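# Overview (structure and organization)
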Amino acid sequence: MDNLFILLLLPVISALILAFIKINSAKWAALLLSLVQLGLTIPFICNFVPDASIQFAQSWNWIQSLGIQFKIGLDGISLPMLILTNGLIPFIILASFGHDQKGGFYSLVSFMQAGLVLVFISLDAFSFYVGWEAALIPIYFICALWGDGDRIRVNMKFFVYTFFGSLLMLIAIIYLYQQTGGKDVSWAALTQLELASGAQNWVFWAFFIAFAIKIPLFPLHTWQPDTYTHAPAAGTMLLSGIMLKMGLFGLLRWLLPLAPDAVAQYGYIALIMSVIGVVYGSIIAFKMNDAKRLIAYSSIAHVGLIAAGIFSLTQEGIQGAILQMLNHGISVVGLFFAIDILQRRTGTRELSQLGGLATQMPILAICFLIIIMGAIGLPLTNGFIGEFLLLKGLFSIPEYGVWYAVIAGTTLIFGAVYMLRLFQKTMLGQIDAKHVSVADISGYEFLVLGLIVILVVVIGILPNGLLHLSEASVTNLIQQVK
């Protein structure tokens, strides 16, 4: 099995099938199809050779009159993102079982999966852009149709922000296409272009703004907390667990190799924005009473540290970023699902109205605590080795590296404070009389959180397999940039 195109085709077929399935059967059909997609991913993992080469490559003429081809393939940077996408979708679908969603909901999830997969396996700028936009459309409708509160206004802000970034990126892609003589938009051709410094500068900013909005980095983050808060639980998991990784992946796949001179000139600005986001997100998270909003701001801090690791341009920083993209996806899905369970049980996610739930929900309390430990980077959990490598990468920056590492390292302290406050306010203390009869997790809830706990511990103890996947590709990327 080496036909990578099947991983694009199956989610599209799944989306068409699920659109016509009745509500009672839709969730089981969606779960089954997502597990088939995950199963089809396994041969690519098993047959992958961890060197710097592009593997399982396929290409077809797409728009012949414009010389545009459709090219896909995998390397050590894209494979972890493929694992994250196809690995988390079954969790997200299973986590939505408590909401009895319609077939149309799962159809949109599958269509979004196709867009995400295309982003991560694209080897030409045109198909990358198509995947980038294809992933945006379904999440817009998921949030607009199944969200709560002021979701329409919030969703429109999210759409405008992202579309603005996409437009900048499209203009840059068209410019780069012209530089090849209108013949090629493949990654291989574009990264071989020797652009003048002025051209590199504006290409850098066009791509960077598009990616920074999606991540999001401070100060382009203002769409994120409201969107995460008002999206349905599954929508928030898709946005935080997988979709924001599109921006981080874009930095690695496109921005760094396309504009290496501009990265050397302006990378420090991106680095400063990332580090500010770490501190800003953490400080705002301290004050949040809405548990979902607290995790949204914590996500800004975590992805700020990941982006800082990428712009450190060091082996440790970039490998730590790739590992932490996986870890963040796993942990944040677990956190948002735990909050969704609490909200469905108690009718609220306000910390001031919760407390003492560990007495009624001991299994949830244990799972929640372990996932929180992973999120704050406790040794022997998944977050530890990623954060260690990221901080080591920042420390290795020749100029001011110590200060970048010290300021970004505050995430370890701040994260422990707001995450342990979240646990204390929900699980410890005096229980409200209204909540004394709430039931503990069982069935699909226990399965989702139990598997996430296992991943948190196993990756924390045995991270080498994942690091080995990306090592050669990261070395090659750093050589391209420097």
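Please refer to the structure placed before this passage.
Okay, the packing of aromatic side chains next. Evaluation of the coordinates by the stated rule reveals 36 aromatic pairs. Measuring from ring centre to ring centre gives 5.3 Å for tryptophan 62 and phenylalanine 126, while their planes differ by 75 degrees; the resulting arrangement is edge-to-face. Here the residue tryptophan 62 occupies a position in strand S1 (residues 55-63), and phenylalanine 126 occupies one in helix H5 (residues 125-146), the gap between them amounting to 64 residues. Classification of tryptophan 62 by relative accessible area gives partly exposed; the value is 38%. Residues tryptophan 205 and phenylalanine 208 carry aromatic rings whose centres are separated by 5.8 Å and whose planes lie at 80 degrees to one another, so their mutual orientation is edge-to-face. You can see tryptophan 205 and its partner phenylalanine 208 sitting in helix H8 (residues 197-214), three residues apart, about one turn around the helix. Ring pairing ties together the aromatic residues Phe5, Trp60, Trp62, Phe70 and Phe126, which thus form one cluster. The ring of tryptophan 187 carries arginine 253 above its face, with NZ or CZ at 5.5 Å from the centroid.

This next bit is on empty space enclosed by the protein. Summed over the entire model, instances satisfying the criterion amount to five cavities of 30 Å³ or more. Here the largest cavity defines a volume of roughly 100 Å³. For the largest cavity, the lining is made up of 13 residues, of which His302, Asn327, His328, Ser331 and Ala375 are closest to its centre. Among the secondary structure elements, those contributing two or more residues to the lining of the largest cavity are helix H12 (291-311), helix H13 (315-346) and helix H14 (362-375). No other element matches H13, which puts six residues into the lining of the largest cavity. In the lining of the largest cavity, the residues fall into five nonpolar, eight polar and no charged.

Reading guide: rules and limits
Residues numbered from 1 in each chain as written. Predicted model: local features only at pLDDT ≥ 70, side-chain atom pairs only at ≥ 80, totals over all residues. Heavy atoms only, no water. Phe/Tyr/Trp six-rings, centres within 6.5 Å; stacked < 30°, edge-to-face > 60°. Helix = DSSP H or I, 4+ residues; strand = E, 2+ residues; numbered from the N terminus. Buried < 20%, exposed > 50% of the residue type's maximum accessible area, 1.4 Å probe, protein only. Lys NZ or Arg CZ within 6 Å of the ring centre and 35° of its normal. 1 Å grid on protein atoms, 1.4 Å probe; cavity = no way out; pocket = protein on both sides within 12 Å on 5 of 7 lines; lining within 4 Å. Points joined across faces, edges and corners; volume = space filled by probe spheres on them. Nonpolar A, V, L, I, M, F, W, Y, C, P; charged D, E, K, R; others polar.

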